Structure formats: C-alpha cells, structure tokens
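Breakdown of the fold
Below, each chain spelled out in residue letters.
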Amino acid sequence: MRHAFNGAVAMKYISTRGSAPALDFEGVTLAGLASDGGLYVPESWPQFSEHEIAEMSGLSYVELAVRVMTPFVEGSLTVEELRDLCTRAYGRFSHQAVTPLVQMDQQQWILELFHGPTLAFKDVALQLLGRLFEHFLAKSDDHLTIVGATSGDTGSAAIDAVAGRERVDIFMLHPKGRVSDVQRRQMTTVRAPNVHNLAIEGSFDDAQAMVKRMFNDDAMAASRGGKYRISAVNSINWARLMAQVVYYFAAALQMGAPRRKVAFSVPTGNFGDVFAGYVAAKMGLPIERLIVATNVNDILHRALTAGDYSAGGVTPTASPSMDIQVSSNFERLLFDLGGRDGAAMAEQMRGFETTRAMQLTNAQRAGAAGLFSSARVDQAQMAQAMTWANEKCGYVLDPHTAIGFHAARHAGLDASTPVITLATAHPAKFPDAVERSTGLRPYLPMRVGDLFERTEAFEELPGTYDAVAQYVSRHAVPSA
Ligand SMILES: *Cc1c(COP(=O)(O)O)cnc(C)c1O
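Quick look at the structure, then. Along each chain, the written sequence defines residue order, and numbers are assigned to residues from 1. Residue-level local features of this predicted model are given only where pLDDT is at least 70; pairs of side-chain atoms are given and counted only at 80 or more, and the full residue set underlies all totals for whole chains, interfaces and linings. Only hydrogens and water are removed before side-chain values are computed, so all heavy atoms of the structure are retained for them.

Considering the overall build of the protein chain
- Across its full length, the protein chain holds 18 helices and 15 strands.
- Taking 480 residues into account, the globule formula puts the C-alpha radius of gyration at 23 Å, and the protein chain, at 21 Å, falls close to it.
- When the backbone C-alpha atoms are referred to their principal axes, the protein chain occupies close to 60 × 55 × 45 Å.
- Burial classes follow relative accessibility: with a 1.4 Å probe on protein chains only, a residue under 20% of its type's maximum area counts as buried, one over 50% as exposed, and anything between as partly exposed. When each of the 480 residues of the protein chain is scored for burial, the buried share is 59%.
- Throughout, a residue-residue contact means that at least one pair of heavy atoms, one from each residue, lies within 4.5 Å. In the protein chain, of all internal contacts separated by at least 6 residues, the share reaching a separation of at least 24 is 73%. The secondary structure listing takes helices from DSSP runs of H or I that are at least 4 residues long and strands from runs of E that are at least 2 residues long, numbered from the N terminus. A radius of gyration in this sense is built from C-alpha atoms; the matching globule rule multiplies 2.2 Å by the number of residues raised to 0.38.

The structure is reproduced here in structure tokens:
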C-alpha cells in the first residue's frame, strides 16, 4: 500500500465484480463505473470510535463533512483541499445548517435535504462532485464530456453542479415536451458555455438508449479508442455516495448520537441514498434501523422481504424519481453482505442480466435483515401521508418524502427511537401532486422564484443517434 503525504494510508477502491484494477479516490471519481461492469467500493470501511463520534457534535456541516470524508479521500486530496471544496459546494445552500432537521411529532422528524440550488437532495452530492471533477482534471490536464439523459431531477442538479466549471462539458438529453415545465426550466435557464441542453424527439427511453450507445461507440469514447473522455454523473459514482454519508452523521449527532440510536426512513430509487446510510452504520454511527421506502415499483421491497430481486415493468407514479426497474447500487450492498467475493458477485449479476431475476443468498438476506426493513407505499397511502402532515403538523411534504414518511410512521419502532425521514425534494418541484392531496399549491422558494421569467436555451434535435453524436463532436473538447 502507498502512503499518502500526511502519513495516513491511501484509500483503495475495489470493484464489486472482482476483475477491474483497484483505484484511488481520484481514479474512482473520474471513472464512475468499473471496467468489469462492477461498482467501486472502499477496500475496507473506515471506523470511528464512540469517542471520535462524540467529538463531532457541534461541528459546522463543512467541518463535519471534512471529518467524515477524510478517510475516503486519503491519498488524493489534502484536508485543506477537501475543506476548500466543501466550503464552496455547501456555501451554495440556502440554509445555514445545510441539511436542517424539523420535528413533526414526539417520534417523527424530517431531514430537509432540498436547500441546494435545484431543490433536490441530489444537490448535496453533485455540488461537491462538480468541484471534484474540476480539481482532478486540472491536475491531470484533461477534459471530461458528461453525457446523460434525464426525465427530471438528476439533469438539473448535474447541470447546476458543472455549469461554468473548467474542463467539463455537459450534454443533457431530455425527451422534448415530456418533462414538466419546472424541471425543463431548471435545466434550460442555466446559461453557461459548457452546458448543452438537447431536446430530443422521442421518449426518455430513446434518449437513454442514445447515451448508452455513445459510451460504447469506438469513435466517441476514449475508453474504446475514441476521442472523448465520456463520463456519467449518476449515483453509481462513489463520490456521490460518500458525500451523502455526511448528513446521516449530521442528523444522528443532533438527535444525541452516539449515546442514542436513531432510525432513518429513506425514499428509495437507485439505492444510493440509503446505501450511504449503510456506510454510516459501517463506520460506527449507531443506527437502529434503515427503512427502505418504495412506491409501487417495489423490487427492493420484494428483495428485502422475500429475497426475490426480479425486474418487472415500470409503473409511472407521482414520485417519478423512484420509478425504477433495477436499483444499481443494491449490488454494492449484496457484495458487502456476501463476503466481498467479486467472482461470486459477477456470476450472480450475470445471471440477473440474462434472466432479469435473482434470488438473494441466505447470507445476503440475513445480513440485510440486521439493519434494513422495507415498505411499499401506494398512491393512496402517499396522499394520506401528505394530508396528515399538512393537517397535524402544518408541514407540506413532496410526494417522494411522503412515501418515506408513511413508511416511517408505520415501521412499528419503539417509541423511544426517533425516526428521521429524509426529505429528498422541495414540494414546489411537484406542485400538481401536492395540490391534489392537500389543496395547497406550494410556492417556489424566493431564490428560484423568477424561474419562469428567465430565458431558456436548448437545441432541438431529431431522435437519431447520429444527430446527437454529431452535435457532441462539434461542441466537446477531445481528451488529452
Ligand atoms: C433520486 C431521488 C430519489 C431516489 O434516490 P436514490 O439514491 O436513487 O435511492 C428519491 N427522491 C427524489 C426526489 C430523488 O430525486
């Protein structure tokens, strides 16, 4: 093992499928997915003692972020560099506490993760990731071309995070006429020379298929001999998960950790957010329970209750960011619970990729049961949770958060255990669904209140791969 400048051992990351090379933090941040198709995880979990956790209470969000993330970036960033990046990333949040806690009743709390620039929890990780890209690319004198397809939240958070950053271009495809006005405007009103919004004829799946094709295009992707260092910003990127571990510590410390255990309820899609909670527990944070809340797209609920991980079709719901068929980050959990056997994991995933179904092993099921529980929340229950929160607490939940909150209230936890629901979006992002359940139309917060007056810019392209590839070639900067 290599020793970092400050004497600590550099953190290494290994792939869940066992055959990609181990990389350091800089390497995994720029790579995203591992070359063997797996996901990167730290070679071992850093540990904090009870005493070390107790000493974190009272720190500012930025200082806490530095404490929690330092072991993961060892060898790639100095503490000063990490602090500088965090200060700039979290300086853009509109609340002093960055992720404030709100009390709902004797047992229930809400952790507001939506005070970032695009009103979604994805800002917490992406604001840092954009700055990490810029920092590492300057060191290696390279250029990154981010290509993505979005039906909503990820696109706007990613665009905001990289707008104006050096050495990064972002090309975000959205299906023309099929995203909400708020969501489209949050992307198309960000005016920076490195931001390219592409409105594509066709559906979200068509746009997504073009992005996948570009990653595998020999002429385009540098990893295959092509011209551009193409990257994604979805939650398979380890740096995003790492940034999310911080707010689990922040919330638990406020509730009395490490003396007192808390539970978290997490509205879940790709299993990124709740996996960050698992990492926090592995690092020593006392967590009583992690509740995985799904909507009717319930593959994770079936996996955690019956060991059945099988993909069906996606049912569109009022909580679109949780409308998923497969949860990519679940592989990270299965790998860790299955004894970290990369070869076995590769085989399990190969089976899943062929049949779209797999059974969890006994070790995986037993391991998950120790910390996780799950709930499937349908449309009526979601609406009930919104109504209850509004009538009893005067608090307006967004549809995603309402799913987590319903699961939290029905988790059957002992009354002495505080339950913290992660609020993943501001209600004003989903005004129609909120109005249907509560009769209230939520206002956009002041800082984005002029969204509908800002000028939009986007390029309309026909729904063909060649049109998109040509556009990217004309505007992207080749890799060094
Ligand atoms: C992305 C998202 C989720 C799901 O988070 P995962 O990390 O994919 O589980 C939930 N709610 C909202 C509002 C989101 O944007």
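Overview of the environment of Phe249
- Mapped onto the elements, Phe249 comes out in helix α9 (residues 238-254).
- Considered as a pair, Phe249 and Gly277 are 28 residues apart in the sequence and their alpha carbons are 8.9 Å apart.
- What Phe249 contacts, discounting residues up to four positions off in sequence, is Phe48, Ile53, Met56, Leu64, Val68, Ala280, Met283 and Leu285.

Considering the sheet that holds strand β14 (residues 419-423)
- At least two DSSP bridges between two strands are required for those strands to pair. On the basis of which strands lie adjacent, the open sheet formed by six strands has the order β3-β4-β14-β9-β10-β13 and mixed pairing. In this open sheet, the two strands that pair with only one neighbour each are β3 (101-103) and β13 (372-376). Taking the axes of each pair of neighbouring strands and ignoring which way they run, one obtains an average angle of 25° across the sheet.
- Here strand β10 (residues 287-294) pairs with β13 via five bridges, running parallel. Following the sheet pairing, Val292 is matched in β13 by Ser374. Only C-alpha atoms enter the line fits that serve as axes; for helices the fit covers just the stretch in contact. Angles between N-to-C directions range over 0 to 180 degrees.

Here we look at helix α5 (residues 122-140)
- Multiplying 1.5 Å by the helix residue count minus one yields the expected span of that helix. Here α5 spans 27 Å end to end across 19 residues, near enough to the 27 Å set by a 1.5 Å rise per residue.
- A large share of α5 lies buried, amounting to 16 of its 19 residues.
- A positive phi of about 50° marks Asp141, the residue just after α5.

Regarding the side chain of Thr438
- Note that Thr438 resides in helix α17 (residues 431-438).
- Throughout this description, a polar contact denotes any pair of N or O atoms lying within 3.5 Å of each other; where both atoms belong to protein, one of them has to be capable of donating a hydrogen while the other can accept it, and for residues adjacent in sequence the pair is counted only when both atoms sit in side chains. At 2.7 Å, the side chain of Thr438 forms a polar contact with the backbone oxygen of Val434.
- At a separation of 3.1 Å, a polar atom in the side chain of Thr438 contacts the main-chain amide nitrogen of Leu440.
- When near neighbours in sequence (up to four residues on either side) are disregarded, Thr438 contacts Met386 and Asn390.

Quick notes on the packing of helix α8 (residues 204-215) against helix α18 (residues 465-475)
- Axis separation between α8 and α18 bottoms out at 10 Å; the angle between their running directions is 60°. The angle between α8 and α18 places the two elements in the oblique class. Crossing hand, α8 versus α18: right-handed. Counted together, Met210, Arg213 and Met214 of α8 and Tyr465, Asp466, Val468, Ala469 and Val472 of α18 form the full contact between these two elements. Should an angle lie under 35 degrees it is considered roughly parallel, over 145 roughly antiparallel, and from 65 to 115 roughly perpendicular; all remaining angles are considered oblique. Crossing handedness is read from the near helix: turned anticlockwise from the far helix by less than a right angle, it gives a left-handed crossing, and turned clockwise, a right-handed one.

Topic: the packing of aromatic side chains
- Stacked, edge-to-face and tilted are the three classes for Phe, Tyr and Trp ring pairs, Trp counted by its six-membered ring, which pair at centre distances within 6.5 Å; planes under 30 degrees apart are stacked, over 60 edge-to-face, the rest tilted. Summed over all chains, the structure comprises 19 aromatic pairs.
- Ring centres of Tyr61 and Tyr90 lie 5.2 Å apart, and the angle between their planes is 75°; on these two criteria the pair is classed as edge-to-face. Residue Tyr61 is located in helix α3 (residues 61-73), and its partner Tyr90 is located in helix α4 (residues 79-90); the two are separated by 29 residues in the primary sequence.
- A ring pair is formed by Phe271 and Phe372, whose centres lie 5.9 Å apart and whose planes are at 35°; its orientation type is tilted. Taken together, the residues span a long stretch of sequence, with Phe271 in the loop between β9 (262-267) and α10 (272-282) and Phe372 in strand β13 at a distance of 101 residues.
- Accessibility expressed as a relative area gives 0% for Phe271, which makes it buried.
- The ring of Trp388 has Arg409 sitting right over it, with the charged end atom 3.6 Å from the ring centre. Two conditions define a charge sitting above a ring: the NZ of Lys or the CZ of Arg must be within 6 Å of the ring centre, and it must be within 35 degrees of the ring normal.

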